[in-house]
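Structural characterization, general
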Amino acid sequence: MRIDILTLFPGMFRGFLDESILRLARERQIVEIHLWDIRDYTDDKHRKVDDRPYGGGPGMVMMPGPVFAAAEAADAAAEPPARKLLLTPQGRVLNQPLARELAAEPRLMLICGRYEGFDERIHVGLQADELSIGDYVLAGGEAAAMVVVEAVVRLLPGALGDPDSAAFESFEGGTLDHPQYTRPPVYRDMAVPEVLLSGNHERVRLWRAERARERTLRRRPDLAAVKVDRGQ
Ligand code: 6GU
(Lines give C-alpha, C1' and ligand atoms only; values in the text may rest on other atoms or scores of the structure.)
Protein backbone atom coordinates (compact mmCIF):
# COMPACT_ATOMS: atom_id res chain seq x y z
CA MET A 1 0.00 0.00 0.00
CA ARG A 2 1.03 3.59 -0.60
CA ILE A 3 -0.12 6.40 1.70
CA ASP A 4 0.42 10.08 0.89
CA ILE A 5 -0.06 12.53 3.77
CA LEU A 6 -0.67 16.20 2.99
CA THR A 7 -0.05 18.50 5.93
CA LEU A 8 1.20 21.89 7.04
CA PHE A 9 3.27 20.12 9.71
CA PRO A 10 5.19 17.20 8.20
CA GLY A 11 7.58 17.24 11.16
CA MET A 12 4.79 16.00 13.44
CA PHE A 13 4.91 12.62 11.67
CA ARG A 14 8.64 11.91 11.94
CA GLY A 15 8.86 10.06 15.26
CA PHE A 16 5.56 8.35 14.61
CA LEU A 17 6.63 6.87 11.28
CA ASP A 18 10.12 5.93 12.48
CA GLU A 19 9.20 3.78 15.48
CA SER A 20 7.56 0.44 16.22
CA ILE A 21 5.04 -1.04 13.81
CA LEU A 22 5.20 1.78 11.27
CA ARG A 23 8.98 1.55 11.01
CA LEU A 24 8.80 -2.25 10.64
CA ALA A 25 6.02 -2.14 8.05
CA ARG A 26 7.95 0.43 6.02
CA GLU A 27 11.20 -1.55 6.27
CA ARG A 28 9.38 -4.69 5.13
CA GLN A 29 7.92 -2.65 2.26
CA ILE A 30 4.39 -3.47 3.32
CA VAL A 31 3.61 0.23 3.18
CA GLU A 32 5.24 3.24 1.58
CA ILE A 33 4.42 6.59 3.21
CA HIS A 34 5.09 9.97 1.63
CA LEU A 35 4.73 13.36 3.33
CA TRP A 36 3.79 16.46 1.37
CA ASP A 37 4.04 19.97 2.83
CA ILE A 38 0.98 21.87 1.60
CA ARG A 39 2.88 25.12 2.05
CA ASP A 40 5.21 24.07 -0.80
CA TYR A 41 2.21 24.38 -3.16
CA THR A 42 1.27 27.99 -2.54
CA ASP A 43 1.67 30.49 -5.35
CA ASP A 44 2.18 33.70 -3.39
CA LYS A 45 5.36 34.92 -1.78
CA HIS A 46 3.94 34.74 1.73
CA ARG A 47 3.18 31.02 1.30
CA LYS A 48 -0.37 31.66 2.43
CA VAL A 49 -2.57 28.59 2.89
CA ASP A 50 -5.60 29.98 4.74
CA ASP A 51 -7.92 32.95 4.61
CA ARG A 52 -10.93 34.45 6.39
CA PRO A 53 -14.31 32.77 5.85
CA TYR A 54 -16.74 34.36 3.39
CA GLY A 55 -19.80 35.45 5.34
CA GLY A 56 -17.72 36.25 8.38
CA GLY A 57 -17.08 34.36 11.55
CA PRO A 58 -14.10 33.36 13.62
CA GLY A 59 -10.94 31.62 12.48
CA MET A 60 -9.39 30.84 9.15
CA VAL A 61 -10.28 28.42 6.36
CA MET A 62 -7.84 26.34 4.29
CA MET A 63 -7.77 27.78 0.76
CA PRO A 64 -8.47 25.42 -2.15
CA GLY A 65 -5.44 26.35 -4.31
CA PRO A 66 -2.56 24.92 -2.28
CA VAL A 67 -4.50 21.79 -1.28
CA PHE A 68 -5.54 21.04 -4.88
CA ALA A 69 -1.97 21.61 -6.13
CA ALA A 70 -0.48 19.37 -3.43
CA ALA A 71 -3.09 16.65 -4.00
CA GLU A 72 -2.53 16.70 -7.76
CA ALA A 73 1.25 16.52 -7.31
CA ALA A 74 0.88 13.58 -4.93
CA ASP A 75 -1.58 11.78 -7.22
CA ALA A 76 0.77 12.21 -10.19
CA ALA A 77 3.69 10.68 -8.26
CA ALA A 78 2.36 7.11 -8.61
CA GLU A 79 -0.44 4.89 -9.85
CA PRO A 80 -3.31 4.33 -9.26
CA PRO A 81 -5.02 7.59 -8.18
CA ALA A 82 -5.41 7.61 -4.40
CA ARG A 83 -8.62 7.29 -2.41
CA LYS A 84 -8.70 10.73 -0.83
CA LEU A 85 -9.69 11.41 2.76
CA LEU A 86 -10.04 14.80 4.40
CA LEU A 87 -9.51 14.64 8.15
CA THR A 88 -12.22 16.73 9.78
CA PRO A 89 -14.52 16.34 12.78
CA GLN A 90 -17.46 16.59 10.31
CA GLY A 91 -16.52 13.28 8.68
CA ARG A 92 -17.72 9.69 8.90
CA VAL A 93 -16.39 8.28 12.16
CA LEU A 94 -13.61 5.73 11.86
CA ASN A 95 -14.35 2.27 13.21
CA GLN A 96 -12.86 -1.18 12.70
CA PRO A 97 -14.95 -2.10 9.61
CA LEU A 98 -13.95 1.19 7.97
CA ALA A 99 -10.28 0.56 8.88
CA ARG A 100 -10.60 -2.83 7.12
CA GLU A 101 -12.18 -1.17 4.10
CA LEU A 102 -9.33 1.35 3.90
CA ALA A 103 -6.73 -1.39 4.35
CA ALA A 104 -8.03 -3.01 1.16
CA GLU A 105 -7.20 0.08 -0.95
CA PRO A 106 -3.97 0.13 -2.95
CA ARG A 107 -3.47 3.79 -2.19
CA LEU A 108 -4.71 6.39 0.30
CA MET A 109 -4.23 10.14 0.49
CA LEU A 110 -4.79 11.72 3.90
CA ILE A 111 -5.30 15.47 3.83
CA CYS A 112 -4.84 17.21 7.17
CA GLY A 113 -6.45 20.55 7.94
CA ARG A 114 -5.74 23.13 10.58
CA TYR A 115 -7.78 26.26 11.29
CA GLU A 116 -11.57 26.17 11.11
CA GLY A 117 -11.68 23.70 8.27
CA PHE A 118 -11.42 23.26 4.52
CA ASP A 119 -13.02 25.33 1.80
CA GLU A 120 -15.96 23.11 0.74
CA ARG A 121 -14.66 22.97 -2.86
CA ILE A 122 -11.75 20.82 -1.69
CA HIS A 123 -14.15 18.08 -0.60
CA VAL A 124 -16.25 18.41 -3.76
CA GLY A 125 -13.49 18.96 -6.34
CA LEU A 126 -11.09 16.29 -5.10
CA GLN A 127 -13.93 13.82 -4.51
CA ALA A 128 -12.53 13.29 -1.05
CA ASP A 129 -14.41 11.49 1.72
CA GLU A 130 -14.43 13.28 5.05
CA LEU A 131 -13.17 11.23 7.96
CA SER A 132 -13.28 11.87 11.72
CA ILE A 133 -11.78 9.79 14.52
CA GLY A 134 -14.44 10.56 17.11
CA ASP A 135 -16.76 13.08 18.66
CA TYR A 136 -14.30 15.59 20.09
CA VAL A 137 -12.31 18.39 18.51
CA LEU A 138 -8.58 18.32 17.79
CA ALA A 139 -6.52 21.34 16.79
CA GLY A 140 -5.85 19.75 13.41
CA GLY A 141 -6.04 16.60 11.37
CA GLU A 142 -2.46 15.43 11.96
CA ALA A 143 -3.06 13.37 15.12
CA ALA A 144 -6.19 11.94 13.46
CA ALA A 145 -4.19 10.98 10.35
CA MET A 146 -1.73 9.11 12.58
CA VAL A 147 -4.63 7.20 14.11
CA VAL A 148 -5.91 6.26 10.66
CA VAL A 149 -2.44 5.19 9.48
CA GLU A 150 -1.85 2.99 12.51
CA ALA A 151 -5.31 1.40 12.42
CA VAL A 152 -4.91 0.62 8.70
CA VAL A 153 -1.26 -0.43 8.48
CA ARG A 154 -1.49 -2.98 11.30
CA LEU A 155 -4.17 -4.76 9.24
CA LEU A 156 -1.93 -5.19 6.19
CA PRO A 157 -0.72 -8.76 5.71
CA GLY A 158 2.69 -9.19 7.36
CA ALA A 159 2.57 -6.00 9.44
CA LEU A 160 1.92 -7.82 12.71
CA GLY A 161 4.13 -10.62 13.98
CA ASP A 162 1.16 -12.87 14.73
CA PRO A 163 -1.64 -12.69 12.13
CA ASP A 164 -4.16 -13.83 14.77
CA SER A 165 -3.49 -10.61 16.72
CA ALA A 166 -5.64 -8.67 14.29
CA ALA A 167 -8.42 -11.25 14.11
CA PHE A 168 -9.06 -11.94 17.81
CA GLU A 169 -9.20 -8.58 19.48
CA SER A 170 -11.53 -5.81 20.50
CA PHE A 171 -14.20 -4.96 17.92
CA GLU A 172 -13.33 -7.66 15.40
CA GLY A 173 -15.85 -10.03 16.93
CA GLY A 174 -18.30 -7.24 17.75
CA THR A 175 -17.21 -7.18 21.41
CA LEU A 176 -14.48 -5.69 23.53
CA ASP A 177 -11.50 -7.88 24.30
CA HIS A 178 -11.46 -10.23 27.29
CA PRO A 179 -9.10 -9.59 30.25
CA GLN A 180 -5.51 -10.72 29.72
CA TYR A 181 -2.94 -11.98 32.25
CA THR A 182 0.73 -12.88 32.13
CA ARG A 183 3.26 -13.99 34.75
CA PRO A 184 3.51 -14.01 37.71
CA PRO A 185 0.50 -16.15 38.75
CA VAL A 186 0.01 -14.04 41.91
CA TYR A 187 0.94 -10.36 42.06
CA ARG A 188 0.31 -8.26 45.22
CA ASP A 189 -2.31 -10.78 46.37
CA MET A 190 -4.10 -10.68 43.02
CA ALA A 191 -4.28 -14.11 41.46
CA VAL A 192 -4.67 -15.03 37.80
CA PRO A 193 -8.05 -16.78 37.32
CA GLU A 194 -7.55 -20.50 37.81
CA VAL A 195 -9.15 -21.44 34.50
CA LEU A 196 -6.34 -19.75 32.56
CA LEU A 197 -3.76 -21.98 34.27
CA SER A 198 -5.83 -25.12 33.73
CA GLY A 199 -4.57 -25.98 30.28
CA ASN A 200 -8.15 -26.78 29.28
CA HIS A 201 -8.51 -24.90 26.00
CA GLU A 202 -12.27 -25.31 25.77
CA ARG A 203 -12.82 -23.91 29.27
CA VAL A 204 -10.42 -21.04 28.51
CA ARG A 205 -12.27 -20.27 25.31
CA LEU A 206 -15.66 -20.20 27.03
CA TRP A 207 -14.36 -18.13 29.97
CA ARG A 208 -12.90 -15.55 27.59
CA ALA A 209 -16.08 -15.37 25.53
CA GLU A 210 -18.15 -14.83 28.69
CA ARG A 211 -15.82 -12.15 30.09
CA ALA A 212 -15.75 -10.34 26.74
CA ARG A 213 -19.52 -10.40 26.52
CA GLU A 214 -19.92 -9.23 30.13
CA ARG A 215 -17.47 -6.33 29.67
CA THR A 216 -19.10 -5.28 26.45
CA LEU A 217 -22.57 -5.24 28.01
CA ARG A 218 -21.37 -3.22 30.99
CA ARG A 219 -19.03 -0.75 29.26
CA ARG A 220 -20.33 -0.55 25.71
CA PRO A 221 -23.96 -1.63 25.52
CA ASP A 222 -24.05 0.09 22.11
CA LEU A 223 -21.67 -2.60 20.79
CA ALA A 224 -23.29 -5.55 22.50
CA ALA A 225 -24.61 -7.38 19.48
CA VAL A 226 -25.92 -10.90 19.38
CA LYS A 227 -22.79 -12.99 19.49
CA VAL A 228 -21.89 -14.75 22.72
CA ASP A 229 -19.16 -17.06 21.50
CA ARG A 230 -16.36 -15.73 19.32
CA GLY A 231 -15.17 -19.23 18.46
CA GLN A 232 -11.52 -18.70 19.38
CL1 6GU B 1 -10.13 14.20 11.72
N2 6GU B 1 -9.85 16.53 12.91
C3 6GU B 1 -10.04 17.38 13.93
N4 6GU B 1 -9.55 18.61 13.83
N5 6GU B 1 -10.69 17.05 15.03
C6 6GU B 1 -11.16 15.81 15.09
C7 6GU B 1 -11.00 14.88 14.07
C8 6GU B 1 -10.33 15.28 12.96
N9 6GU B 1 -11.61 13.73 14.43
C10 6GU B 1 -12.11 13.96 15.63
N11 6GU B 1 -11.85 15.20 16.03
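Placed above this text is the structure.
Source: prediction; values computed, not measured. (Residues numbered from 1 in each chain as written. Predicted model: local features only at pLDDT ≥ 70, side-chain atom pairs only at ≥ 80, totals over all residues. Heavy atoms only, no water.)

1. What about the pattern of salt bridges?
Within the structure shown, the criterion is met by 19 salt bridges. Arg-83 serves as the salt-bridge partner of Glu-105, at 2.9 Å between the closest nitrogen and oxygen. You can see Glu-105 sitting in the loop between α4 (96-103) and β6 (107-112) and its partner Arg-83 sitting in strand β5 (residues 83-93), a full 22 residues away along the chain. The exposure class assigned to Arg-83 is buried, which follows from its relative accessible area of 18%. Ionic pairing is found between Arg-220 and Asp-222, a salt bridge with its closest N-O pair at 2.8 Å. (Salt bridge = Lys/Arg side-chain N within 4 Å of Asp/Glu carboxyl O. Helix = DSSP H or I, 4+ residues; strand = E, 2+ residues; numbered from the N terminus. Buried < 20%, exposed > 50% of the residue type's maximum accessible area, 1.4 Å probe, protein only.)

2. Description of helix α6 (residues 142-153)
Between its first and last C-alpha atoms α6 spans 16 Å; for 12 residues at 1.5 Å apiece the expected length is 16 Å, and the two agree. When you tally the buried positions in α6, you get nine out of 12 residues, the bulk of the element. For α6, the set of buried residues is Glu-142, Ala-144, Ala-145, Met-146, Val-148, Val-149, Ala-151, Val-152 and Val-153. (Expected span 1.5 Å × (residues − 1).)

3. Comments concerning the sheet that holds strand β3 (residues 50-51)
Backbone hydrogen bonds hold the strands of a sheet together, and the pairing may be parallel or antiparallel. Spatial strand order, β3-β4-β7: three strands in an open sheet with mixed pairing. The open sheet has two edge strands with one neighbour each: β3 and β7 (117-118). As defined by bridge partners, β3 adjoins strand β4 (residues 61-62) across two bridges and the pair is classed as antiparallel. Looking at β4, one finds that Asp-50 is bridged to Met-62. (Pairing = 2+ DSSP bridges.)

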